[in-house]
Amino acid sequence: MNRFKSGSARSGILLATATALTLTSVTACSSSSASGASASASDTLTVGMDGDSAANGYDPAKYTEMRQFFESVYDSLFVKTADGGVKPSLATKFAYNKDKTQLTLTLRKGVTFADGSKLTAAVVKKNLDRRNDAALVAYGNMAKGGQAEIKQVTAPDDQTVVLTFAKAQPTFQEQLASDAGMIVSAKGLADSKALGVAPYGSGPYTLEKSGSVKGSKYTMVRRKGYWNSAAFAYDTVVYRALPDPQARANALVSGQVDVAAVAGSTSSFVKSRGTGLSSLGGTVVTLPVFDKKGTVSKPFGDERVRQAIQVAINRQDLVSGLHKGDKPTSNAFPSSFDGYDAALNTTWGYHPDKAKKLLAEAGYAKGFSFTVITSQANQTDLEAIQKQLKAVGIDMKLKAAASTEEAFAAVSTTPLGYLAFNWPEPVVAMQAVVLGGFLNTQKATDKQLTAYTDAAAGATGAKRTEALTKLNARLVETGWLIPLYESYSYAGYNTKKVKPLTFAGNDAYPLLSSIKPAS
Amino acid sequence: MTRFLARRAAMAVLTLLAVIVLTFALVHSIPGSPGAVMLGPGASARDIHAQNELLGWNQPLAVQFWDWITHAVRGDLGTSLTGGNEVGPDLASRLPVTAAIALGATALSGVLGIVSGVVAAVRGGLVDRFITAFSGIVVSLPTFWLGILLVYVASIRLGWLPATGYTPFADSPVDWAKSLALPVLSLAIGGAALVARQARASMVEALGQEHIRTLLATGIPPWRLLYVHALRNASVPVVAGLGMQFVGLFGSTVIVEQIFALPGLGQVAQAAVTSHDFPSVQGVVIIATVVVVVTNVALDVLISALNPKLRAA
C-alpha cells in the first residue's frame, strides 16, 4: 500500500479542500452574532412559545390557554391587569342586575377590525351565540349545561350587549378576559375557512403572512389606528413555536428570542447563563379523582378510599427525589391564594398507618388495584407514587397512552389522573374545571363544595377568605383533588432587551402589554 | 436505457400507490380521531362524533380514499383537518427546509467520508488506523447528542451560529447558511464516518485488483492510477451508500428539526400523526415516497453510468 504514498500530496489537497468546505459552511456563518434576524431590531420582540399557538387556525374560541398569542391580534371584552384582576377593554362599562343573573356590557365606540368592519353589539352577540359549538372549547362552561351557562345574549342597541345567565354569575367578567372574551369580526365569523388561515380581530397587531410559517413562526406588525396602541411597546412581535424545552432554552440563552416560557427542567441552565428569569408559584400538581361515583373503579366511590390515597403519599420524598425547588403540599390551592391553610399539610400529610386503617374501614383491608393512563411527562412521578401506594396495599397499574384520544378520554375511563393545575381565579376554576369541567365528566356533586364556591363568588374580604378556606379544605377532605406539590412556572427574558417580567396574578404567561424594553 | 428507465418509472408509480394505500390504512387504524383531538379532554362521545362528521372522518373509508386520491392526482392534497390550511402549499413551503438539510448533510458527509476513506486506504499505517478507529467512534454517536453538543459549543458558548430556527434563502443567503450549518453538521458527522469506512474498504479492494497492478507497471502517474482508475472502481458501492444515506437522512431530519426548531416536513408529520390529520400525513408521505423513488431511480442511472456492466443486468 505504501507504494501509493506519492499521491499523498494530492490526498492532502483533497482533504484540505473538504475541510475548507466544511469550515466555510461554518465560518461563513460565524460573523458577529448568532442571534439571527428576529432579535436584531430594537423595536421587535421575539417570544418563544411552548407550542404552536395557531395549530387549529385563528379562531381564539378554539383554545383555552392561548391568551398571550391571540391578544396580539384580538381585543377581548375585558383584559387582565398586572395585579391579576380584570378591567374593561372592548367593554367600557359593565353592570349586573340585582341577583347577578344578567350582565349588561357597554361597548367601546369607534373600534374597527383589521378588515375594516366596525365593532357592534350584534358582532359580540354573534360571537357569544357560538357558545354551544363543542369545537369552540373556550366557551365550554358557558354552553348549555355549563356551570356558567349563558341562557341568552341580546343586543338592544349598537353599543349594548346583555348576557342572561342560567344562575347567578357575580364575577363573569373574569371569564371574558381571555380566549372566550375575544371578539372575531363578522367577516371572520361568516367564513370559517378564512378564519382558519388568518385572524379577524381588532387587536394591536396584524399577522404579516410573508414573515410567518405555520407551526413555526408568526410575525405580527403594529396596526395603524389601533385605539390602545400606546399600551404595546413593540412595533413587531414575532412568536416562535419552540415546543422542545431545551430548544426553547437554547434560543433564549443564545439571544434568538427575547422572552420565553422556561420549563422547570431547564430553569437552572437558563439562570446559569445569566439570562433573566421570573418565577411564579401557583401551579399545584395534583392527582384529580375522576371517578368520584365509583363507576370505573368501585373503591373510588368511597370517600375513605380517596382519603387513604391522600395520606399514603409521601410528598416530601417525591419532591426531594424528583422536584427539587418545588414545595410539597396537601392544599388544593396554591400557597399565595386566599384560603390556603398550612395545617392541611399536617392533617393530610404522610400517614401510612392511617391510610391502611381507612382502607380497612372501607372494606379494602387487602387493598385493590386500578389503572391510570400515563404520558411521558408524568411517567416518573406516577412510578414513584405507585411504589408509595403499593406500601399500603393499593396496586396502581400504569398504562402509557397509545393516542392523544386515549389520553384525553382518561377523564372518563380511569379513576384517577395527573394534572399540573395552574389555578386561575379559584371560583372560575371551580365552576369551569372542578365542578363543571373536564375533571367532573360524571357530574358528581358535593353540596358543600357547591355551597362554598357560591359563597366565595358572592363575597368579598374576610367572608370570601373564609369561604375559600372551607372550599380548599373540602376539596382535600373529599379527595376530589389529591395535591402533591406546588411547582413554579418560569418566564425567561433577555436582560439587555427586556425589563424584568411580571405576571398578571397567577397567569404563567406575562401579558403582552406588560413586556417593555429594558431602555 | 429507455427501457431501463421505463421499467424503473413503472415500479416507482406502483411503489407510490402502495405506500399511499398503506398510509391511509395506518392512519385510520391508529386509535383515536381528529374530532377527539380537536375537542380536548372531557368531550362527550356525541360531540366527538358530530365533529368527526363535520370533518368527513365518519364517511366510509373507500369514499374518503377516493375523494382524496381524485383530488391528489390534480395536485390538490386537500385541507388540513385541524388547521384548515391547504396542505399542498404548506408542505411546499417546508420541503426546502428538509431537502436542504438532507442534501447538505449528504454532500458534506460524502466529501468528508470519501476523502477520509481514500486517505486511509492510500496512506495506510497509523493514518489508516487513526481514521478507522475515529470513524468507528463517531459512527456510534447519536444525532441528537451531537446536535445538543454542537448547539452548546457553537451557539451558546461561542455565539457563532443560531441555536434554532430557519431563514429562507431568498430572505438572506448568509442567514440561510447559518441556520442550516448546525443541523447539517449534526447529521453529516455520523454519515461521514460511515462513508469513510465504506470508501476505505472499497478503495483497498480496488487497489488490490490485478488491472491496477498492471497499470502501475506501465508507469502511469500514481495520481491518475488512484483518482481515475481505482477511485472509479471503488465509487460504485460508495455512491449507492450515499444515495441510501440521503434517503435515511431525509427521514432523520425529524429529530434534527425538533432540536433546532426547524419548520420542515418532520415537524408537520409529527403534529399531523398526533392529531390524526390524514390529509397532512398523506401529503408528507407522498413527498417522502417521491423523494425515495426518485433517488433510487437516479442512483440506478448513476451506477449504470459508472459501471456499464450493470446496465445489461
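Residues numbered from 1 in each chain as written. Chains lettered and ligands numbered in written order. Predicted model: local features only at pLDDT ≥ 70, side-chain atom pairs only at ≥ 80, totals over all residues. Heavy atoms only, no water.

Taking an unreviewed UniProt entry as the reference, chain A is identified by name as ABC transporter substrate-binding protein belonging to Streptomyces pseudovenezuelae.

On to the overall build of chain B. Along its length, chain B carries twelve helices and zero strands. Helices (α) and strands (β) of chain B occur, in sequence order from the N terminus, as α-α-α-α-α-α-α-α-α-α-α-α. With the C-alpha coordinates of chain B rotated into their principal frame, the extents come out at 85 × 55 × 35 Å. Counting only residues that meet the buried cut, chain B has 48% of its 313 residues in that class. Taking all contacts inside chain B whose residues are at least 6 apart in sequence as the whole, residues at least 24 apart take part in 74%. (Helix = DSSP H or I, 4+ residues; strand = E, 2+ residues; numbered from the N terminus. Buried < 20%, exposed > 50% of the residue type's maximum accessible area, 1.4 Å probe, protein only. Contact = heavy atoms within 4.5 Å.)

Quick look at the overall build of chain A now. Helix and strand content of chain A: 16 helices and 17 strands. A principal-axis box enclosing the C-alpha atoms of chain A has dimensions of 90 × 70 × 40 Å. Within chain A, the fraction of its 519 residues that count as buried is 55%. About 21000 Å² of surface is accessible on chain A, with carbon and sulfur atoms providing 53% of the total. (Areas by Shrake-Rupley, 256 points an atom, 1.4 Å probe, with all protein chains shown as cover.)

Residue and element names in this part refer to chain A. Spatially, E4-E5-E7-E6 is the arrangement adopted by the four strands of the open sheet, whose pairing is antiparallel. Each having just a single partner strand, strand E4 (91-96) and strand E6 (150-157) make up the two edges of the open sheet. Neighbour-to-neighbour, the strand axes of this sheet turn through a mean angle of 20°, independent of strand direction. Sheet topology note: the strand E5 (residues 102-107)/strand E7 (residues 160-165) ladder contains five bridges and is antiparallel. (Pairing = 2+ DSSP bridges. Axes fitted to C-alpha atoms, helices over the stretch in contact; angles between N-to-C directions.)

The next subject is the domain arrangement of chain A. Residue and element names in this part refer to chain A. Each assigned domain of chain A is listed here: domain 1 (2-6 + 17-75 + 191-275 + 494-519), domain 2 (77-110 + 120-182) and domain 3 (283-488). The interface is formed by eight residues belonging to domain 2 together with eight residues belonging to domain 3. Carbon and sulfur atoms make up 52% of the area that domain 2 and domain 3 hide from each other, which totals about 720 Å². Counting every contact that joins domain 2 to domain 3 gives zero residue pairs in polar contact (both at pLDDT 80 or more). Of the residues assigned to the side of domain 2 that touches domain 3, the class counts are two nonpolar, five polar and one charged. (Domains from an automatic or database assignment. Buried area = accessible area lost by both parts, 1.4 Å probe. Polar contact = N/O pair within 3.5 Å; in protein donor to acceptor, adjacent residues only side chain to side chain. Nonpolar A, V, L, I, M, F, W, Y, C, P; charged D, E, K, R; others polar.)

Val270 of chain A together with Trp68, Leu77, Leu91, Leu182, Phe260 and Leu262 of chain B are the most contacted members of the largest nonpolar core, which totals 60 residues. For this core, the leading source of residues is helix H5 (residues 87-123) of chain B, giving eight residues. Excluding residues that lie within four positions of it along the chain, Leu77 of chain B makes contacts with Trp68, Ala72, Val87, Gly88, Leu91, Pro279, Gly283 and Ile286 of chain B. Membership of the second largest hydrophobic core comes to 59 residues, among which are Leu287, Phe368, Leu416 and Leu449 of chain A. (Core = buried A, V, L, I, M, F, W, Y, C linked by side-chain atoms within 4.5 Å.)

Moving on: the packing of aromatic side chains. Residues and elements named next belong to chain A. The final tally for this structure, using the stated rule, is 23 aromatic pairs over all chains. On the numbers, 6.1 Å between centres and 85° between planes, the contact of Tyr205 with Phe232 is edge-to-face. Of this pair, Tyr205 sits in strand E8 (residues 205-207) while Phe232 sits in the loop between strand E9 (217-222) and strand E10 (236-241), and the two are 27 residues apart along the sequence. Residue Tyr205 is classed as buried on the basis of its relative accessible area, which comes to 2%. In textbook terms, an aromatic cluster arises when at least three aromatic residues are bridged by ring pairs, as seen for Tyr58, Tyr63, Phe69, Phe70, Tyr74, Tyr218 and Tyr239. One residue, Arg108, lies across the ring of Trp227, its end atom 3.8 Å from the ring centre. Over the aromatic face of Trp480 sits the side chain of Lys292, whose NZ or CZ is 4.4 Å from the ring centroid. (Phe/Tyr/Trp six-rings, centres within 6.5 Å; stacked < 30°, edge-to-face > 60°. Lys NZ or Arg CZ within 6 Å of the ring centre and 35° of its normal.)

As a further point, take the packing of helix H11 (residues 265-274) of chain B against helix H12 (residues 278-306) of chain B. All names here are of chain B. In the contact formed by H11 and H12, the axes pass within 8 Å of each other and the chain directions differ by 145°. Between H11 and H12 lies a crossing of left-handed hand. Along the contact surface, H11 presents Leu265, Val268, Ala269, Ala272 and Val273, while H12 presents Ser280, Val281, Val284 and Ile287. Among the residues making up the contact of H11 with H12, the classes are represented as eight nonpolar, one polar and no charged. (Left-handed = near helix turned anticlockwise from the far one by under 90°.)

Once that is clear, we can look at the packing of H5 of chain B against H12 of chain B. Residues and elements named next belong to chain B. Put simply, H5 and H12 touch, their axes get as near as 10 Å, and they point 45° apart. The angle between H5 and H12 falls in the class oblique. Taken as a pair, H5 and H12 cross one another with a handedness that is right-handed. Contacts between H5 and H12 involve Val87, Leu91 and Leu95 on the former and, on the latter, Pro279, Ser280, Gly283, Val284 and Ile287. Across the contact of H5 with H12, the residue classes tally to six nonpolar, two polar and no charged. (Parallel < 35°, antiparallel > 145°, perpendicular 65-115°, else oblique.)

With 97% of its residues at a pLDDT of at least 70, chain B reaches an overall mean of 84. The ipTM, which scores confidence in the relative placement of chains, is 0.71 for this predicted complex, and the corresponding pTM is 0.74. (pLDDT = per-residue confidence, 0-100.)

Residue and element names in this part refer to chain B. The grouping of Phe144, Trp145, Ile148, Leu149, Tyr152, Val153, Leu158, Trp160, Val254 and Ile255 at the surface amounts to a nonpolar patch, some 880 Å² of accessible area in total. Looking at the nonpolar patch, the elements that each hand over two or more residues are helix H7 (143-157) and helix H10 (222-259). Looking at which element gives the most residues to the nonpolar patch, the answer is H7, with six residues. Mapped onto the elements, Ile148 comes out in helix H7. For Ile148, a relative accessible area of 43% corresponds to the partly exposed category. (Patch = residues over 30% accessible without salt bridge, like charges linked within 9 Å, V, L, I, M, F, W, Y side chains within 5 Å. Salt bridge = Lys/Arg side-chain N within 4 Å of Asp/Glu carboxyl O.)

Residues and elements named next belong to chain A. Buried residues of helix H3 (residues 121-128): Ala121, Val123, Val124, Asn127 and Leu128, and no others. Projected down its long axis, H3 shows its buried positions confined to an angular sector of 160°, all on one face. Where H3 is buried, its residues contact E5, E6, E7 and helix H4 (186-190). (Arc of directions from axis to C-beta.)

With respect to the secondary-structure elements, Gln442 of chain A resides in the loop between helix H14 (426-435) and helix H15 (447-458). Once residues within four sequence positions are removed from consideration, Gln442 of chain A is found in contact with Phe290, Asp291, Lys292, Lys293 and Thr295 of chain A.

Before going further, it helps to spend a moment on the UniProt feature "domain: Solute-binding protein family" (unreviewed entry) in chain A. Those places that UniProt annotates as "domain: Solute-binding protein family" (unreviewed entry) correspond, in this numbering, to residues 86-404 of chain A. Between the end C-alpha atoms of residues 86-404 of chain A the distance is 34 Å, and the span holds 26% helix and 24% strand. (UniProt positions renumbered as here; feature names shortened; annotations may be inferred.)

Tracing the backbone through its elements, the reader meets Ser135 of chain B in helix H6 (residues 125-138). Discounting residues that sit within four places of it in the chain, Ser135 of chain B has contacts with Ala193 and Arg197 of chain B.

Residue and element names in this part refer to chain A. Relative to the elements of secondary structure, Pro60 occurs in the loop between strand E1 (44-49) and helix H2 (67-70). Given a relative accessible area of 1%, Pro60 falls into the buried group. With 139 residues separating them along the chain, Pro60 and Pro199 place their C-alpha atoms 8.8 Å apart. With residues near it in sequence (within four places) discarded, Pro60 still touches Phe70, Tyr74, Ala138, Asp179, Met182 and Val184.

In this fold, Asn141 of chain A is placed in the loop between H3 and E6. Taking the C-alpha atoms as reference points, Asn141 of chain A and Lys496 of chain A, separated by 355 residues in sequence, lie 42 Å from one another.

All names here are of chain A. Taking every second residue as pointing to the same face, the buried face of strand E16 (residues 419-422) carries Leu419 and Phe421, while none of Ala420 and Asn422 on the other face is buried. In the sheet, strand E12 (residues 276-288) pairs with E16 via four bridges, with the strands oriented antiparallel. Its bridge partner lying in E16, Val284 is registered against Phe421.

Residue and element names in this part refer to chain A. Applying the stated criterion to the full structure yields 19 salt bridges over all chains. With a shortest N-O distance of 2.8 Å, Arg222 and Asp235 are connected by a salt bridge. Here Asp235 lies in the loop between E9 and E10 and Arg222 lies in strand E9, a separation of 13 residues in the sequence. A single network of salt bridges, built from pairs that share partners, joins Arg67, Glu71, Lys80 and Asp507.

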